[in-house]
Amino acid sequence: VFLTDKDSNQVNLKSIIDKPTILSFVYFECPGLCTPLLDGISEVIDRSDVVLGKDYQMITISFNKDDTPKLGQKKKKNYLASIKKQIDASQWIWLTGDSVNIEKITDAVGFKFKRDGEDFLHPASIIAISPKGKVTRYLHGTYFLPFDLKMAVVEAAEEKSGPTINKLLKFCFSYDVENKKYVLNITSISGSLIIILV
């Protein structure tokens, strides 16, 4: 898989995954989930015991073939500004690509998205990758506990697959695009309780 880095150079994704890596997929002008997802990533980078650049790297890939490295760097700068602790900023890598290579990497890690007019339908998650390129854990949602990130990094370093966690968040909460927050999904919870009671 060849993607484009901040300097518009083609890079082989496999060649830059040389340590535990957390992958995130966004598109840079997303009006919905991408902003809270990237906020959640910035926050967990800041709060976690594991250190970006030392213990792991972060790779954010746009799945919109029309996104540019320049826009990616502008976004990256904004999110780095919210991180207070000392990190190696070069280890949060932002990449873009053409539709063929985007499809290859999203298919390889099981990330699904679909164009919907000018926007995209997509999940909110981050994916832990081992230094050998093995998917070791999925973390769903837009808020991540520092412990969960630490365990994902440790398991990736050891080439161990861990269980997918935070599934309840995806099930019980729906994202309210207008108010830009998660809201409790009463229908899902009520339905589950009725089935349990029966």
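Use the structure listed above.
Anyway, here's the lowdown on the structure attached to this text. Just so it is clear, the structure is predicted and the values come from calculations on it, not from any experiment.

This paragraph deals with the packing of aromatic side chains. Taken as a whole, this structure holds eleven aromatic pairs when the rule is applied. Among the aromatic residues, those joined into a ring-pair cluster are Phe 25, Tyr 27, Phe 63, Phe 111, Phe 113 and Phe 120.

Put simply, the largest pocket is a space of about 260 Å³. Counting residues per element, the ones that place at least two in the lining of the largest pocket are helix H1 (13-16) and helix H4 (99-109). Per-element accounting of the lining of the largest pocket gives the leading share, four residues, to H4. For the lining of the largest pocket, the per-class residue count stands at ten nonpolar, one polar and three charged.

The next point concerns the pattern of salt bridges. With the rule as written, the count across this model stands at seven salt bridges. Taking the shortest distance from any N to any O, the salt bridge between Arg 47 and Glu 43 comes out at 3.5 Å. Of this pair, Arg 47 and Glu 43 both sit in helix H2 (residues 34-47), separated by four residues, roughly a single helical turn. With relative accessibility at 36%, the residue Glu 43 sits in the partly exposed group. Ionic pairing is found between Glu 155 and Arg 137, a salt bridge with its closest N-O pair at 2.7 Å. Here Glu 155, found in helix H5 (residues 146-157), pairs with Arg 137, found in strand E9 (residues 135-140); they are 18 residues apart in sequence, far enough to count as distant. With respect to burial, Glu 155 and Arg 137 carry one shared label: buried.

Definitions and cut-offs
- Residues numbered from 1 in each chain as written.
- Predicted model: local features only at pLDDT ≥ 70, side-chain atom pairs only at ≥ 80, totals over all residues.
- Heavy atoms only, no water.
- Phe/Tyr/Trp six-rings, centres within 6.5 Å; stacked < 30°, edge-to-face > 60°.
- 1 Å grid on protein atoms, 1.4 Å probe; cavity = no way out; pocket = protein on both sides within 12 Å on 5 of 7 lines; lining within 4 Å.
- Points joined across faces, edges and corners; volume = space filled by probe spheres on them.
- Helix = DSSP H or I, 4+ residues; strand = E, 2+ residues; numbered from the N terminus.
- Nonpolar A, V, L, I, M, F, W, Y, C, P; charged D, E, K, R; others polar.
- Salt bridge = Lys/Arg side-chain N within 4 Å of Asp/Glu carboxyl O.
- Buried < 20%, exposed > 50% of the residue type's maximum accessible area, 1.4 Å probe, protein only.

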